[in-house]
Structure formats: structure tokens, C-alpha cells
There are 2 protein chains.
Amino acid sequence: MPASFPEKYLDLFQKKSFGALTTLMPDGSPQTTPVWVDYKNGDLWVNSALGRQKDKNVRRDPRVCVAIIDADNPYRYVEVRGKVKEITQSGADEHINAMAKKYLGQDVYPFRQPGEQRVLYKIAISKALPVG
Amino acid sequence: MPASFPEKYLDLFQKKSFGALTTLMPDGSPQTTPVWVDYKNGDLWVNSALGRQKDKNVRRDPRVCVAIIDADNPYRYVEVRGKVKEITQSGADEHINAMAKKYLGQDVYPFRQPGEQRVLYKIAISKALPVG
């Protein structure tokens with residue numbers, strides 16, 4: 001059963017709040033990195049690039065956890081557990097630019113490497129545990 | 001082989017930098033929460049309480065990941081992968097008070113619940129990947 005993100009904490013997505021995204025390595029051990037986060041149609045969206053460790057990981061095992069921490073208060077956060085239900089390049093470039101606008105105030109994502117292909121993970125939320 | 005924390009990033013521990021600690025649930029899925037972090041004798045130290053989800057998890061599977069994010073710059077962080085090599089209550093009360101001093105400026109940890117027993121995880125670092 002999908003769960004929804006708690007309404008009282010939706011303000012986290014209005015701020016420059018980071019998520020700590022965890023994926024699983026081939027041996028099952030965890031890999032955690034900070035990411036930009038977005039919330040669309042009840043799913044959590046994370047934008048990455050083809051071939052990165054997290055990209056390889058979610059294609060093998062879609063189970064992830066994202067701790068989304070209030071940009072204004074690190075003691076207020078939501079732990080989201082879920083599964084990557086869709087991996088797509090469609091719309092990923094537009095989306096990373098929208099994220100650059102939100103997090104950096106820039107119209108175009110400035111960190112793109114030569115040849116980098118953006119990819120979008122749509123994460124179905126199975127549990128969302130608010131704290132603080 | 002144990003790895004060491006990169007010297008150039010040791011300033012993270014001088015600041016109020018949070019770690020995103022990931023442990024593994026019984027089914028192998030990840031669980032990620034923000035924690036205070038400390039660095040002692042080449043190990044990463046995290047303080048928690050007996051019986052919490054992360055406490056149960058590390059006793060079953062010691063593999064963890066901690067993304068330690070610069071309190072002054074979320075684009076600068078170190079991803080630490082490792083194993084909990086020691087779980088102890090010895091010194092855990094003194095340690096949580098030291099952490100309260102660092103993170104909150106208070107001599108005594110103010111969030112203790114009735115009956116709460118603090119516990120210290122000493123994490124051997126197997127990989128430390130600096131970014132930014």
C-alpha cells in the first residue's frame with residue numbers, strides 16, 4: 001500500500017531542504033548521499049545521472065530510504081521509505097533545471113559534466129515517518 | 001582494511017555537522033536518520049538509545065553508511081561506509097552530554113526520555129569518500 005507524505009511537512013519541499021538518499025550496493029550494504037528532492041503526484045522525485053553508483057544500485061534493487069531534513073531546522077525531518085517505481089530520462093533535463101532554480105536560483109543546472117545524461121527516479125512512498 | 005577519514009575534511013567535526021546514518025532493516029531495506037557525529041581514534045562515533053530501530057538494526061547487521069554534511073555547505077560532504085565494531089553503554093552518557101555541548105551549547109543532553117539508556121556505536125571506517 002502506498003503511503004502519502006504528511007501534509008504538515010509539505011513545507012519541506014518549498015525550502016532548500018536536502019534529502020539523504022540511500023541505495024543498496026551489490027552486497028546489500030547501504031550507500032547514502034545528499035540529493036535535491038521534489039514531490040510530485042504523491043511520489044518523491046530524485047534526479048541523478050546515468051551510470052552513477054546510485055543509478056546502478058536502484059536498477060538492481062529499487063528499495064531506497066530518503067531522510068528529508070528541514071533546511072531551517074535539522075531536528076525536523078521526514079524519513080521516507082519506498083521503492084523506485086519508474087526510472088526515466090524523459091523530462092529529466094527540464095526537472096534538473098527546475099531543481100537548480102529552486103536550490104541555486106539559476107535557470108539552468110550549472111554542474112552538468114560533458115556527456116552527462118540526467119535521469120529521474122520516481123519513488124513510491126511506502127512509509128513516511130515525521131520527526132520533530 | 002580500515003580507512004581513515006580525509007584530513008582535509010576533519011573540520012566537519014568541529015562544526016555542527018549532521019550525519020545521515022543508514023542501518024539495515026531485517027528485510028535488508030535501508031533506514032536513514034540524521035544523527036550527531038563524532039570522530040575518535042580513527043573511528044566514527046554515533047550515540048543512540050537502547051531499543052531504537054537503528055539499535056536493533058546494527059546489532060543484527062553492523063554495516064552502516066554515514067553521509068556527513070558540512071554544516072556550512074551542503075555541497076561538501078564525506079560519505080563514510082563502515083561497520084559497527086563496538087556497541088557499548090560505557091561512556092555513552094558522558095558522550096551524549098559532550099555532543100549536547102557541541103551541537104546545542106548545553107552541558108547536559110536535554111532530550112532524554114524517562115528510562116532511556118544511551119548507547120555508543122564505534123564505527124570502523126572502510127571507505128571515506130569526500131565530495132565538494
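One can find the structure itself at the top, above this paragraph.
In short, a report on the structure. (Residues numbered from 1 in each chain as written. Chains lettered and ligands numbered in written order. Predicted model: local features only at pLDDT ≥ 70, side-chain atom pairs only at ≥ 80, totals over all residues.)

What about the overall build of chain A?
For the record, the criterion: Helix and strand definitions here come from DSSP, where helices need a minimum of 4 consecutive H or I residues and strands a minimum of 2 consecutive E residues; each element is numbered from the N-terminal end. As a reference, a globule follows 2.2 Å times the number of residues to the power 0.38, and the radius of gyration itself is taken over C-alpha atoms. Any two residues are considered in contact once their C-beta atoms, placed from the backbone, lie within 7 Å.
For chain A, the count of helices and strands is two helices and seven strands. Secondary structure elements of chain A occur, N-terminal to C-terminal, as β-β-β-β-α-β-β-α-β. Compactness check: chain A gives a C-alpha radius of gyration of 14 Å against a globular reference of 14 Å for 132 residues, within 12% of the reference. Restricting the contact set of chain A to residue pairs at least 6 apart, pairs at least 24 apart contribute 70%.

Some remarks on the interface of chain A and chain B
Buried accessible area, meaning the area lost when the parts come together, often serves as the stated size of an interface. In plain terms, the rule: All amino acids are sorted into three groups, where Ala, Val, Leu, Ile, Met, Phe, Trp, Tyr, Cys and Pro are nonpolar, Asp, Glu, Lys and Arg are charged, and the leftover types, Gly among them, are polar.
Counting residues at the interface gives 20 residues for chain A, matched by 20 residues for chain B. Looking at the side of chain A that touches chain B, the elements that each hand over two or more residues are strand E1 (18-24), strand E2 (30-36), strand E5 (63-69) and strand E6 (77-88) of chain A. Class assignment for the residues of the side of chain A that touches chain B results in 11 nonpolar, six polar and three charged.

Remarks on the sheet that holds E5 of chain A
Residues and elements named next belong to chain A. Quick reminder of the rule: Pairing between strands requires that DSSP locate at least two bridges from one strand to the other. Orientation is described by axes fitted as lines to C-alpha atoms, over the contacting stretch for helices, and by angles from 0 to 180 degrees between their N-to-C directions.
Overall, antiparallel pairing links the seven strands, which are arranged E2-E1-E5-E6-E7-E4-E3 in an open sheet. The sheet terminates laterally at E2 and strand E3 (38-40), the two strands that pair on one side only. Neighbour-to-neighbour, the strand axes of the sheet open up by a mean angle of 35°, direction not taken into account. Pairing geometry for E5 and E6, over seven bridges, is antiparallel. Looking at E6, one finds that Ile69 is bridged to Tyr77. Running over the sheet, helix H1 (residues 53-60) touches E1, E2, strand E4 (43-49), E5, E6 and strand E7 (118-131) and is turned about 55° from E1.

Description of the sheet that holds strand E7 (residues 118-131) of chain B
Residues and elements named next belong to chain B. An order of E2-E1-E5-E6-E7-E4-E3 is seen for the seven strands of this open sheet, with the pairing classed as antiparallel. Every other strand in the sheet has two partners, leaving strand E2 (30-36) and strand E3 (38-40) as the edge strands with one partner each. In this sheet, neighbouring strand axes are inclined to one another by 35° on average, regardless of whether the strands run parallel or antiparallel. Each of strand E1 (18-24), E2, strand E4 (43-49), strand E5 (63-69), strand E6 (77-88) and E7 is contacted by helix H1 (residues 53-60), which is oriented at about 55° to E1, the strand it contacts most. Running over the sheet, helix H2 (residues 92-104) touches E2, E3, E4, E6 and E7 and is turned about 55° from E7.

Some thoughts on the pairing of E6 of chain B
Here E6 of chain B pairs with E7 of chain B via 11 bridges, running antiparallel. Paired with Glu79 of chain B across the two strands is Leu129 of chain B, which belongs to E7 of chain B.

Some details on the relation of the copies chain A and chain B
Spelled out, the test is: What sets the superposition is a least-squares fit of C-alpha atoms, and only residues with pLDDT of at least 70 in both copies go into it.
With an RMSD of 0.0 Å, the fit of chain A onto chain B corresponds to turning through 180° and sliding 0.0 Å along the axis. What the rotation and shift describe, once combined, is the action of a two-fold rotation axis. A high fraction, 100%, of the interface residues of chain A reappear at the interface in chain B, so the copies pair face to face through one surface.

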